[in-house]
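Tertiary structure, described
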Amino acid sequence: MNNQQRLPSILAIVSLCAVIAAAWYFVPHPAIPIVIAALPFAALFALSQTFWLVMLFVLFSFFRIHEAIPALYSLKIPLLLSLGALSALLWHTLISRTIQVYWHRSLTWLAIFWALVIIGIVFASNVGIAVANFKSIYWKIIVMTLAIAWLVNNDKNIGRASMLITLSGALIASVAISNSVNGIGLVEGTRVTIGRDLGSMLGDPNDLSLVLMFPLAFAIGLVTNRKIPASTRFIAFVTTCLLMSAVIATQSRGGLLGSVAVIGIYAIKLIRSKVLLLSLGSIGALVLYFAAGISDRASGGAAEAGIDASAMGRLYAWEAAFKMALHNPLTGVGLDNFYVNYFYYSPHWDGLNHAVHSTWFGVLAETGFLGLTIFVIFITSLILSARNTLAEIKSQPELYSPNLTVAANAVYAGLIGTIVSGTFLTQGFNWPIYILAALTVAVANIAKEQITPEATNATSATNAT
């Protein structure tokens with residue numbers, strides 16, 4: 001190698017040393033050279049393992065794993081994952097173009113809804129709160145929804161996503177059960193929570209039940225598919241038991257209704273007798289109600305005569321949400337602005353602001369009648385897409401893999417459970433609906449790609465024989 005050939009390498013080495021020296025000068029910490037030296041390897045890992053970075057970021061953000069396990073909290077894992085995931089996404093979509101970007105009609109309605117939310121921020125009653133929520137949470141939801149839809153693009157990835165969601169659910173359920181048994185962080189003396197000291201979303205029993213309900217659809221999907229390996233089905237069965245036990249420990253009526261809806265979707269497929277199905281469903285719902293001890297709750301329990309305080313609180317909140325929409329029909333009061341506006345729109349002021357406790361009324365209040373209309377159309381589009389995919393799989397099951405079948409059933413059951421529980425839980429601007437939307441779109445796209453002409457011809461030939 002001559003001097004001219006060595007010159008670029010020498011310059012690169014000198015430049016790297018200069019960067020390390022400068023960084024070490026301004027931040028005199030022994031870890032600085034190690035971190036800078038590891039950056040190229042971290043970049044290579046991010047570019048080659050983009051799926052894992054995105055999925056881990058979504059799982060940490062939604063399941064709040066770093067809050068369920070306090071030892072991880074100070075490591076800032078979601079921040080590190082977000083930096084790697086976003087950098088890799090930009091590289092693969094704009095430069096290398098190795099990620100195939102496609103569109104779906106459900107994404108069109110979702111994009112319109114996002115546009116309305118962003119416009120609503122400008123006209124929000126408290127712009128600062130709306131901007132803060134968008135900067136801290138909602139923009140990540142927008143980006144990662146598209147990332148999941150485009151990255152979960154093959155059978156292997158959809159199988160990985162289903163298993164990761166199931167295992168994350170098992171982890172959170174285990175922590176919740178442990179807290180319940182040991183009396184840690186209980187609300188009203190009986191309702192389990194996680195991470196209340198950290199101000200976590202899991203610190204509210206209703207929100208925790210929502211988080212637990214989401215992986216339930218995937219766990220049951222894995223259990224009920226006989227083509228899935230026995231070891232995986234066993235893990236999914238244990239996870240299902242853990243999730244239901246944890247949901248019961250939250251004593252959340254919305255969470256229980258959503259879980260019953262998820263189980264019901266699978267029961268309809270497995271039990272042919274409608275009479276038997278209705279009988280078992282009624283008995284199961286009663287068993288869950290009494291097992292959860294809802295009648296013993298401090299709020300919403302049997303001790304309260306007539307319509308309990310919890311139910312009346314929801315009715316008052318929904319009334320306030322409707323009045324907010326009447327006053328701001330096109331934009332609502334703005335993202336995350338319901339709580340701070342409760343005082344101005346509720347005639348039943350008790351000295352405290354309250355959450356809306358309803359996905360539909362929450363969207364109505366914060367995006368107006370126009371936003372709610374688009375949101376309902378978006379959810380309807382997702383359900384139709386999920387049903388069409390299931391119909392295609394049912395018509396020619398031999399053309400589709402077990403992983404895709406599990407995911408298709410799970411996203412449909414999850415959507416139904418979300419709609420049912422959404423009447424009582426605030427989900428309109430949280431992760432579950434958007435993750436389900438992304439996976440519904442991904443499943444529809446994979447199902448379309450798995451029907452190759454060769455596979456169709458082979459199936460036709462087999463049927464003819």
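Because the structure is predicted, anything quoted here is derived from the model rather than measured. (Residues numbered from 1 in each chain as written. Predicted model: local features only at pLDDT ≥ 70, side-chain atom pairs only at ≥ 80, totals over all residues. Heavy atoms only, no water.)

**Quick look at the nonpolar core**
Among the nonpolar cores identified, the biggest contains 111 residues, and Val54, Phe63, Phe113, Tyr138, Ile172 and Leu439 are the most heavily contacted of them. Here Val54 is in contact with Ala85, Leu89, Met144, Ala147, Ile148 and Leu151, once residues within four sequence places are set aside. In terms of nonpolar packing, the next biggest core, distinct from the first, is built from 11 residues, Ala317, Met324, Val356 and Ala365 among them. (Core = buried A, V, L, I, M, F, W, Y, C linked by side-chain atoms within 4.5 Å. Buried < 20%, exposed > 50% of the residue type's maximum accessible area, 1.4 Å probe, protein only. Contact = heavy atoms within 4.5 Å.)

**Thoughts on the layout of surface pockets**
Taken as a whole, the second largest pocket encloses approximately 940 Å³ of empty space. If you trace the second largest pocket, you find 25 residues lining it, with Lys269, Leu390, Lys394, Thr405 and Asn409 closest to the centre. (1 Å grid on protein atoms, 1.4 Å probe; cavity = no way out; pocket = protein on both sides within 12 Å on 5 of 7 lines; lining within 4 Å. Points joined across faces, edges and corners; volume = space filled by probe spheres on them.)

**Structural notes on the confidence of the model for the protein chain**
On average, the protein chain scores 83 in pLDDT, and the residues at 70 or more come to 81%. Put simply, helix 18 (residues 453-464) is where the protein chain has its lowest mean pLDDT, 45, and helix 6 (residues 105-122) is where it has its highest, 96. Note on residues 453-465: pLDDT is under 50 here. Beyond four places in sequence and across chains, it has six contacts. (pLDDT = per-residue confidence, 0-100. Helix = DSSP H or I, 4+ residues; strand = E, 2+ residues; numbered from the N terminus.)

**Regarding the packing of aromatic side chains**
Enumeration over the complete set of coordinates arrives at 17 aromatic pairs. Taking the centre distance of 6.2 Å and the plane angle of 80 degrees together, the rings of Phe57 and Trp431 count as edge-to-face. On the criterion of sequence distance, the pair formed by Phe57 in helix 3 (residues 50-63) and Trp431 in helix 17 (residues 431-450) is long-range, its members being 374 residues apart. You'll find Phe57 and Trp431 in the same group, each marked buried. Ring pairs connect the aromatic residues Phe113, Phe134, Tyr138, Trp360, Phe375, Phe378, Phe429 and Tyr434, which therefore count as one cluster. (Phe/Tyr/Trp six-rings, centres within 6.5 Å; stacked < 30°, edge-to-face > 60°.)

**A closer look at unusual backbone geometry**
You will see that Lys76, though not glycine, has its phi angle at about 55 degrees, which is positive. In this model, Asp336 sits at a positive phi of 60 degrees, which is unusual for a non-glycine residue.

**A few points about helix 6**
An α-helical turn contains 3.6 residues, so a residue and the one three or four places further along point in the same direction. Over its 18 residues, helix 6 extends 27 Å from the first C-alpha to the last, a length consistent with the 26 Å expected when each residue adds 1.5 Å. For helix 6, every residue scored as buried is listed here: Ser106, Leu107, Leu110, Phe113, Trp114, Leu116, Val117, Gly120 and Ile121. (Expected span 1.5 Å × (residues − 1).)

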